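In case you want the letters, here they are:
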Amino acid sequence: MEPKFIPLSVPNFKGNEKKYVNDAVVSEWVSTGGSLVGEFEKKIAAYVGMPDAVACNSGSSGLHLACMVAGVQPGDEVLVPTLTFIATVNPVRYCFAQPVFIGCDDTLCMDPDAAEAFLADHCEMRNGKCYNKKTGAHVAAIMPVHVFGNMAALERFVPMARQYGLVLIEDSAEAIGTRYTEGEFAGRMAGTIGDVGVYSFNGNKIMTSGAGGMVVSNHPDWVKRARYLSTQAKDDELQFVHGEVGYNYRLTNVQAAMGLAQLEQLEGFIDHKIELYNLYCELLDGKNGYRILPFRSDIRSNHWFFCLYLEDPRHDRDSLMRALSQQKIQTRPIWALINEQKPYADCEAYCLEKAQDYRARVINLPCSTNLSLEDARRVAQALLAL
Ligand SMILES: *Cc1c(COP(=O)(O)O)cnc(C)c1O
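1. Quick notes on the site of the ligand
For step 1, the next point in the chain: Looking at the ligand, there are 16 residues lining it, with Gly-59, Ser-60, Glu-174, Ser-200 and Lys-205 nearest.
For step 2, the next point in the chain: Ser-60 places a polar side-chain atom, nitrogen or oxygen, 2.6 Å from an oxygen atom of the ligand.
For step 3, the next point in the chain: Contacts to the ligand include Asp-171, whose side-chain N or O atom sits 2.8 Å from a nitrogen atom.
For step 4, the next point in the chain: When isolated, the ligand has an accessible area of 380 Å², and the protein chains bury 93% of it.
For step 5, the next point in the chain: Of all the cavities here, the one that holds the ligand is the largest pocket.
For step 6, the next point in the chain: In terms of residue count, helix H3 (residues 59-69) provides more of the shell around the ligand than any other element does, three residues in total.

2. Digging into helix H8 (residues 253-284)
For step 1, the next point in the chain: By the largest-angle criterion, Gln-265 marks the main kink of H8, which is about 50°.
For step 2, the next point in the chain: Among the residues trailing H8, Gly-286 stands out with phi positive, at a value near 80°.

3. Details of the pairing of strand S9 (residues 196-200)
For step 1, the next point in the chain: For S9, a buried count of five out of five residues is recorded, marking the element as mostly surrounded by other parts of the structure.
For step 2, the next point in the chain: What you see with S9 is no split at all: Val-196, Val-198 and Ser-200 on one side and Gly-197 and Tyr-199 on the other are buried throughout.
For step 3, the next point in the chain: For strand S7 (residues 167-171) and S9, the ladder comprises three bridges, and the chain directions are parallel. When the bridges of S9 are listed, Asp-171 appears paired with Val-198.
For step 4, the next point in the chain: Where S9 and strand S10 (residues 213-217) come together, five bridges link them in antiparallel fashion. Bridge assignment links Tyr-199 to a residue of S10, and that residue is Met-214.

4. Some details on the sheet that holds strand S14 (residues 332-333)
For step 1, the next point in the chain: Within the open sheet, the four strands sit side by side as S11-S13-S16-S14. Their pairing is antiparallel. With partners counted over all chains shown, the strands left at the sheet margins are strand S11 (290-292) and S14, one partner each.
For step 2, the next point in the chain: The pairing of strand S13 (residues 306-310) with strand S16 (residues 362-365) spans four bridges and is antiparallel. Its bridge partner being in S16, Tyr-309 is matched across the sheet by Val-362.

5. With respect to the packing of H8 against helix H11 (residues 373-384)
For step 1, the next point in the chain: At a minimum axis distance of 10 Å, the contact between H8 and H11 shows a crossing angle of 30°. Our classification of the angle between H8 and H11 gives roughly parallel. Our pair here, H8 against H11, has a crossing hand that is right-handed. Residues Glu-275, Leu-276, Leu-279, Tyr-280, Leu-283 and Leu-284 of H8 pack against Leu-373, Ala-376, Arg-377, Val-379, Ala-380, Leu-383 and Leu-384 of H11.
For step 2, the next point in the chain: Of the residues assigned to the contact of H8 with H11, the class counts are 11 nonpolar, no polar and two charged.

Thresholds applied
Residues numbered from 1 in each chain as written. Predicted model: local features only at pLDDT ≥ 70, side-chain atom pairs only at ≥ 80, totals over all residues. Heavy atoms only, no water. Near = heavy atom within 4 Å. Polar contact = N/O pair within 3.5 Å; in protein donor to acceptor, adjacent residues only side chain to side chain. Areas by Shrake-Rupley, 256 points an atom, 1.4 Å probe, with all protein chains shown as cover. 1 Å grid on protein atoms, 1.4 Å probe; cavity = no way out; pocket = protein on both sides within 12 Å on 5 of 7 lines; lining within 4 Å. Sits in = over half its atoms within 2 Å of the grid points. Helix = DSSP H or I, 4+ residues; strand = E, 2+ residues; numbered from the N terminus. Bend = angle between axes of the 7 residues up to and from the residue. Buried < 20%, exposed > 50% of the residue type's maximum accessible area, 1.4 Å probe, protein only. Pairing = 2+ DSSP bridges. Axes fitted to C-alpha atoms, helices over the stretch in contact; angles between N-to-C directions. Parallel < 35°, antiparallel > 145°, perpendicular 65-115°, else oblique. Left-handed = near helix turned anticlockwise from the far one by under 90°. Contact = heavy atoms within 4.5 Å. Nonpolar A, V, L, I, M, F, W, Y, C, P; charged D, E, K, R; others polar.

Listed below in structure tokens is the structure:
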């Protein structure tokens with residue numbers, strides 16, 4: 001008998017998704033109007049402990065809105081990690097600004113030491129603003145990513161952003177539900193600590209609205225402006241007056257319906273992810289030349305994605321993935337570095353050694369919120385036999 005296919009990460013719709021989506025369809029409010037969009041914004045805001053949130057049609061559009069409200073200008077530079085999904089970086093270019101790539105530390109998130117070294121050694125301050133000495137460009141922002149639901153070192157990036165006059169944008173696309181449990185930010189959620197944060201509800205994220213995103217900010221006027229820009233920069237409800245170039249970035253009512261149902265289950269999803277993660281650790285960490293990469297111990301991570309690190313060089317990433325695929329187990333390599341991608345090959349990049357190593361040796365293991373412990377055991381057994 002053919003073994004059952006075990007996907008990497010698929011959605012889990014066992015809650016009120018059908019009911020709420022059906023209600024939206026029956027109400028005939030299926031587009032960007034309709035009460036559920038505002039309700040989803042309120043519920044996400046409450047969940048992450050913010051007064052307001054702006055729903056948008058993807059994490060990518062949310063990050064574009066974040067860069068715009070942050071005031072990123074043409075010709076500016078923005079510090080971004082090189083080990084991330086490319087959607088972190090593209091919005092910098094949508095604003096006609098340039099990314100400067102920074103490597104990662106052992107959390108897989110942007111290395112604060114490397115970012116600090118770039119700012120201290122390669123930049124200078126003039127009138128409270130930071131300039132790249134080599135290019136002369138204004139360094140406007142820093143955008144750490146909470147990779148796989150781990151927490152980037154905000155305890156370092158917050159004072160760094162203040163010292164160098166940078167806006168701190170948190171790409172929290174993968175990290176809804178991740179929060180500090182210790183230290184000065186104890187209790188605070190990923191996405192809510194910097195100037196502006198963005199979540200994604202794409203189909204492979206821990207909760208999904210099919211496609212969707214949410215922007216939160218500690219500046220109430222930025223929240224207002226993000227909502228304005230996301231709805232075609234409409235100044236007037238009736239007369240078609242527009243004060244700026246706007247975008248059609250608003251979430252739809254049908255997507256919000258699905259998002260609301262998913263949010264009800266988010267804490268349960270996280271509990272199950274933690275159970276799966278702990279099982280993989282028990283079965284695989286330190287065994288057969290493998291490590292399971294840890295999440296920070298001073299946070300409650302949402303445990304979105306799990307990383308198998310191929311410590312023993314006898315394991316070749318791609319042949320290992322092929323062997324699993326033959327057993328109907330889907331995995332994926334971690335992202336190729338963004339500074340090596342064609343659109344970004346000419347950009348500055350610093351301290352890449354760790355990112356290169358993780359790129360070569362990490363694969364992501366099946367981690368769906370509806371993956372059974374039994375199926376996770378099958379994945380581990382297949383790996384131990386390689
Ligand atoms: C998913 C993701 C995005 C983009 O979100 P979409 O909703 O797919 O547009 C951005 N950054 C990171 C790190 C992501 O994982």
